[in-house]
Amino acid sequence: YAIERTICIFCRDGKFGLAEKRKNGKMSVIIDCEYDYIDSLCGLFGLTNMVSVYLNGKCGLYAFKYTVSSKSNKIDCKRITECEYDNIKVNQKSRVAIFYKGNKLPCCYYNLNSNKLSPLYINVTPVDEHHCKCVTEKEMKFIDLDTDSVVYSYYKESGYVSSERLSRNIYLFSIYNDESITIHQSDLVFFNQYLRTSYVIENIDHLSVTRNDFDKWEDNYFFTFQKDGKKYIIAVNDEKIDFDEIRKIAKEVEYT
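Reading the values: the criteria
Every chain begins its residue count from 1, and numbering advances along the sequence as written. Selection of residues for local features in this predicted model requires a pLDDT of at least 70, selection of side-chain atom pairs for listing and counting requires 80 or more, and totals for whole chains, interfaces and linings are taken over all residues. Heavy atoms from the whole structure form the basis of all side-chain values; hydrogens and water molecules are not counted. A run of H or I in DSSP counts as a helix once it spans at least four residues, and a run of E counts as a strand once it spans at least two, with each numbered from the N terminus. Partly exposed describes any residue whose relative accessible area lies between the buried limit of under 20% and the exposed limit of over 50%, with all areas from a 1.4 Å probe on protein chains only and scaled to the type maximum. Two residues qualify as a contact provided that any one of their heavy atoms is within 4.5 Å of a heavy atom in the partner residue. Think of a salt bridge as a Lys or Arg side-chain nitrogen and an Asp or Glu carboxyl oxygen that are within 4 Å of each other. Here the nonpolar core consists of buried residues drawn from Ala, Val, Leu, Ile, Met, Phe, Trp, Tyr and Cys, with membership extended through side-chain atoms lying within 4.5 Å. Pairing between two strands is assigned when DSSP locates at least 2 bridges connecting them.

J.: I tried to follow the overall build of the chain on my own but got confused; where do I start?
T.: Each helix and strand in the chain was counted, giving 1 helix and 23 strands. Across the 256 residues that make up the chain, the buried fraction comes to 40%. Partitioning the contacts of the chain with sequence separation of at least 6, the portion at a separation of at least 24 is 30%.

Structure below.
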């Protein structure tokens, strides 16, 4: 609703706040003037619906959303964190804000899609607009940002893992030997957003992916691979995946 609303950063007595300018010219305060600086977090992709606020050299975060109906046009503004971080970076494609305390660890993220603040991690790296990679002392987790659910997890001593998103909810995870470029395991993962459950087909070989755009609203995919010496072909589209068929050869996992 950016076209319909005018949000302003304003200053009073050297402190900054946030307000909406009404059509009658009056100002409706959203955040009181109590901060040294406010960053609108705008960038290449426009507004993020988040602002970072600074006080005494530290920064915090507010997130807001618009309610537009016949009964209300309220702007709901929520303080996500106090001013306790050294830096906040926003990945605008994924609508995720990552909090840093200097060069010290750990860090965490706020997900505007789910309105949730994550646990603490050693490192948080957005992979694309739909998932990010989070590292703890023992494991690495790949998280679906629409649901804040773990799609795939592995223990770090198992080796280095690379991820490839093959379609909206289908991933390929390749585990490399330590200090080697040799892949010793490839896992094909089908993620069920509604059940927040992953179906993992472990140790596959010779994966081939074919995409067929037979309809402008749907993408069909054909996954051909080998497992335990047998050849399999799975046909899916992003709108519907037959998980009953996939369960026959996949392991059902609810990661935490």
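J.: Looking at this structure, how should I read the environment of R22?
T.: In this structure, R22 sits in the loop between strand 2 (15-21) and strand 3 (27-35). Spatially, the C-alpha atom of R22 lies 9.2 Å from that of I7, the residues being 15 residues apart in sequence.

J.: What is the right way to read the pattern of salt bridges from this model?
T.: When the charged atoms of two side chains with opposite charge come close together, those side chains can pair. In this structure the tally under the stated criterion is 12 salt bridges. Residues E82 and R79 are paired through a salt bridge, measuring 3.5 Å at the closest nitrogen-oxygen approach. Close ionic contact of K251 with E202 constitutes a salt bridge, the shortest N to O distance being 2.8 Å. Linking K251 in strand 23 (residues 251-253) with E202 in the loop between strand 19 (197-201) and strand 20 (205-215), this pair joins segments that are 49 residues apart in sequence. Its relative accessible area of 27% is what places E202 among the partly exposed residues. A network of salt bridges, in which partner residues are shared, links D144, D146 and R168.

J.: What exactly am I supposed to notice about the nonpolar core here?
T.: Core analysis: the biggest nonpolar cluster contains 17 residues, and I170, L188, F190, I201, F223, V236 and I246 have the highest contact counts within it. Going through the elements one at a time, strand 17 (170-176), strand 18 (183-192), strand 19, strand 21 (218-227), strand 22 (230-237) and helix 1 (243-246) are the ones with two or more residues in this core. With 3 residues, the single largest contributor to this core is strand 21. Contact partners of F190, with chain neighbours within four places excluded, come to N169, I170, T197, S198, Y199, I201, F223, I234, V236, I241, F243 and I246. Counting 14 residues, the second largest nonpolar core, distinct from the first, contains V135, Y154, F191 and V200.

J.: Can you help me understand the pairing of strand 18 in this one?
T.: The side chains of a regular strand alternate, first on one face of the sheet and then on the other. For strand 18, the tally of buried residues reaches 8 of 10 residues, placing the bulk of the element in the interior. Bridge count between strand 17 and strand 18: 7 bridges; the pairing is antiparallel. Counted as the bridge partner of Y176 is I183 from strand 18. Pairing of strand 18 with strand 19 involves 5 bridges; the strand directions are antiparallel. Considered in strand 19, the bridge of N192 is made with T197. Linking strand 18 back to strand 19 in an antiparallel pair, the connection comprises 4 residues, with R196 at a positive phi of about 55°.

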